[in-house]
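Below are the chains, spelled out letter by letter.
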Amino acid sequence: MRRDEFQITNEDDIKSVLNECEYGTLSLIAGSEPYGVAVNFVFFEGNIYFHGAKEGRKVDAIKTNPKASFLAVRPYSKIPSYFSNTRAACPATQFFASVHIYGNLIIIENAHDKAKILEEMMKKLQREGGYDKIEADNPMYTKMLEQTGVYALLPETISMKLKAGQNLTNEKKSSLVLQLRERGEDIDKKSASVIENYIM
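Each value, and the rule that gives it
- Residues numbered from 1 in each chain as written.
- Predicted model: local features only at pLDDT ≥ 70, side-chain atom pairs only at ≥ 80, totals over all residues.
- Heavy atoms only, no water.
- Helix = DSSP H or I, 4+ residues; strand = E, 2+ residues; numbered from the N terminus.
- Buried < 20%, exposed > 50% of the residue type's maximum accessible area, 1.4 Å probe, protein only.
- Contact = heavy atoms within 4.5 Å.
- Areas by Shrake-Rupley, 256 points an atom, 1.4 Å probe, with all protein chains shown as cover.
- Lys, Arg positive; Asp, Glu negative; His and termini not counted.
- Charge placed at Lys NZ, Arg CZ, Asp CG, Glu CD.
- Phe/Tyr/Trp six-rings, centres within 6.5 Å; stacked < 30°, edge-to-face > 60°.
- Lys NZ or Arg CZ within 6 Å of the ring centre and 35° of its normal.
- Polar contact = N/O pair within 3.5 Å; in protein donor to acceptor, adjacent residues only side chain to side chain.
- Axes fitted to C-alpha atoms, helices over the stretch in contact; angles between N-to-C directions.
- Parallel < 35°, antiparallel > 145°, perpendicular 65-115°, else oblique.
- Left-handed = near helix turned anticlockwise from the far one by under 90°.
- Nonpolar A, V, L, I, M, F, W, Y, C, P; charged D, E, K, R; others polar.
- Arc of directions from axis to C-beta.

Counting secondary structure elements, the protein chain contains six helices and eight strands. Listing each helix as α and each strand as β along the protein chain from the N terminus yields β-α-β-β-β-β-α-β-β-α-α-β-α-α. Along the longest, intermediate and shortest principal axes, the C-alpha atoms of the protein chain span 60 × 45 × 30 Å. In the protein chain, buried positions account for 40% of the 200 residues. Intrachain contacts of the protein chain at a sequence separation of at least 6 include 69% that bridge at least 24 residues. Accessible surface, the protein chain: about 11600 Å² in total, of which carbon and sulfur atoms supply 48%. Counting 26 positive and 27 negative side-chain charges, the protein chain places the averaged centre of each group 6 Å from the other.

Take a look at the structure:
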């Protein structure tokens, strides 16, 4: 990362962003061309897992070249230029946290492993429950487990970037926190807390 002040290395912070993000972008090489695809995912036991069809362009790319990168972005507040008491457009921006992972993809074949991973994904996507647990021995899921592809990205590197006003003066950071809390949207409250806890 070019600017160290944007880098976050705390593993709990990285895990928190990955757990909050509903989807990420998986970047592959399909033949001689770059190929990006959005996937729902779960970060589990140190790896990124996702599911999908067992054939198609994505699967062909994985089988041909297992190297991949993955990006998940947690958006924070949009910061309008007038927060800086100017008519110029230049200060307008949006804060965010992003996690970038580079590594190698593998295809999960074992039914019990697939069931465990898909169950973790359900816990993330449907936290309220209301479904029968995914288990390889449950006949309800036998066909589904056979037909569903499950994939793992095994990280070689993981990095996190937080853009939340690090380049601002302390006075401007304090003013920005007040403006965000005054605007009062849920994302603004979250953004103000991020600035207070990580930047100030």
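With that settled, consider the packing of aromatic side chains. Enumeration over the complete set of coordinates arrives at four aromatic pairs. On the basis of an interplanar angle of 70° and a centroid distance of 4.9 Å, the ring pair of Phe41 and Phe70 is categorised as edge-to-face. With Phe41 in the loop between strand E3 (33-40) and strand E4 (42-44) and Phe70 in strand E6 (residues 67-79), the pair connects residues that are 29 residues apart, well separated along the chain. For Phe70, a relative accessible area of 0% gives the class buried. When the ring centre of Phe41 is taken as reference, the NZ or CZ atom of Lys124 above it lies at 3.6 Å. Sitting over the face of the ring of Phe6, Lys161 holds its NZ or CZ atom 5.4 Å from the ring centroid.

Looking at the secondary structure, you find Ser191 in helix H6 (residues 186-199). There is a polar contact of 2.9 Å between the side chain of Ser191 and the side chain of Ser77. Dropping the residues within four chain positions of it, Ser191 is found in contact with Tyr76, Ser77 and Leu180.

What follows concerns the packing of helix H5 (residues 170-183) against H6. Following both chains from N to C, one finds H5 and H6 inclined at 155°, their axes separated by 8 Å at the closest point. One finds that H5 runs roughly antiparallel with respect to H6. As for how H5 packs across H6, the hand of that crossing is left-handed. Contact with H5, carried on its side by Lys173, Leu176, Val177, Leu180, Arg181 and Arg183, involves Asp188, Lys189, Ser191, Ala192, Ser193, Ile195, Glu196 and Ile199 of H6 and no other residues of that element. Across the contact of H5 with H6, the residue classes break down as six nonpolar, two polar and six charged.

Take helix H1 (residues 11-20) next. Of the residues making up H1, those classed as buried are Asp13, Ile14, Val17 and Leu18. Seen end-on, H1 carries its buried residues on one side only, within an arc spanning 135°. Turned more than 90 degrees from where H1 packs its buried face, Glu11 and Asp12 sit exposed. Backbone nitrogen of Asp12 and a side-chain oxygen of the N-cap are separated by 2.9 Å at the start of H1; the cap is Asn10.

Moving on to helix H2 (residues 57-64). Among the residues of H2, those classed as buried are Lys58, Val59, Ala61 and Ile62. The buried side chains of H2 occupy one side of the element, clustering within an arc of 160° when seen end-on. For H2, the exposed residues set more than 90 degrees away from the buried face come down to Lys63 and Thr64. The elements touched by buried residues of H2 are strand E2 (23-30), E3, strand E5 (47-52), strand E7 (93-108) and strand E8 (149-163).

As a further point, take unusual backbone geometry. When glycine is set aside, most residues are seen to have a negative phi, and most peptide bonds are trans. If you check the backbone angles, Glu45 has positive phi at about 55° while not being a glycine. Position of Glu45 relative to the elements: it lies in the loop between E4 and E5. On the basis of relative accessible area, Glu45 is assigned to the exposed category, the value being 57%. Positive phi, normally seen in glycine, also occurs at Asn85, with a value near 55°. Tracing the backbone through its elements, the reader meets Asn85 in the loop between E6 and E7. When its relative accessible area of 74% is taken as the criterion, Asn85 is described as exposed.

Coordinates in, geometry out; function isn't part of it.
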